[in-house]
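An overview of the molecular structure
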Amino acid sequence: MRPAVDLKQFDTPDEVRTFEKGKFEIVHLGGLTVGRATYEPGWKWSEHVGPGVGTARCSVEHVGLVLSGAATVAFDDGTVYELRPGQLFHVPATPHDSWVVGDEPYVSLHFLGADHYVK
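Residues numbered from 1 in each chain as written. Predicted model: local features only at pLDDT ≥ 70, side-chain atom pairs only at ≥ 80, totals over all residues. Heavy atoms only, no water.

Considering the overall build of the protein chain
Each helix and strand in the protein chain was counted, giving two helices and nine strands. Once the C-alpha set of the protein chain is aligned to its principal axes, its extents read approximately 55 × 30 × 25 Å. A separation threshold of at least 6 residues defines the contact pool for the protein chain, and within that pool the share at least 24 residues apart is 56%. With the model as given, the accessible surface of the protein chain reaches about 6,900 Å², and the carbon-plus-sulfur share is 54%. (Helix = DSSP H or I, 4+ residues; strand = E, 2+ residues; numbered from the N terminus. Contact = heavy atoms within 4.5 Å. Areas by Shrake-Rupley, 256 points an atom, 1.4 Å probe, with all protein chains shown as cover.)

Right under this line is the structure:
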């Protein structure tokens, strides 16, 4: 008997969560929920996602990888981090805002927190 291997692509995600200037595609694979975030220039969490989920800041923990573009993670104490292509990131569940930097779309994969993001 041959082992079963699941193969999936973001071209045909299991779920797509859309909001102004962005989308979050979900794939369920091997017991994990993996997300791909795509945000257009000008996207800001507190303006384009927060009102739809009823909060001013994101409080989801994230572990991911930036594929392209640049974005920030900003905490209420004034600490701001910039996320760039090739960087792996861990953002704690501490409330934070985020926005796209520059005029290129931002794309990242999320390995932790995807099942709770934009819900």
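Alright, that's what it looks like, and here's the rest.
Concerning the packing of aromatic side chains
If you walk through the whole model with that rule in mind, you get five aromatic pairs. Here the aromatic rings of tyrosine 39 and tryptophan 43 are separated by 3.7 Å at their centres, their planes lie at 5°, and the arrangement is stacked. Exposure class is identical for tyrosine 39 and tryptophan 43. Each is buried. Each ring, one from tyrosine 39 and one from tyrosine 106, has its centre 5.9 Å from the other, and the planes form 15°; the classification is stacked. (Phe/Tyr/Trp six-rings, centres within 6.5 Å; stacked < 30°, edge-to-face > 60°. Buried < 20%, exposed > 50% of the residue type's maximum accessible area, 1.4 Å probe, protein only.)

Regarding the pattern of salt bridges
Within this structure, the stated rule accounts for seven salt bridges. For the salt bridge of glutamate 25 with arginine 36, the shortest nitrogen-to-oxygen distance reads 2.8 Å. Of the two residues, glutamate 25 sits in strand S2 (residues 22-29) while arginine 36 sits in strand S3 (residues 32-39), which places them eleven residues apart along the sequence. Using a relative accessible area of 5% as the deciding quantity, one classes glutamate 25 as buried. A salt bridge links arginine 84 to glutamate 82; the shortest N-O distance between them is 2.3 Å. Here glutamate 82 falls in the partly exposed class, since its relative accessible area comes to 37%. Within the structure, one salt-bridge network assembled from shared partners comprises Lys23, Glu25 and Arg36. (Salt bridge = Lys/Arg side-chain N within 4 Å of Asp/Glu carboxyl O.)

These figures capture arrangement, not role.
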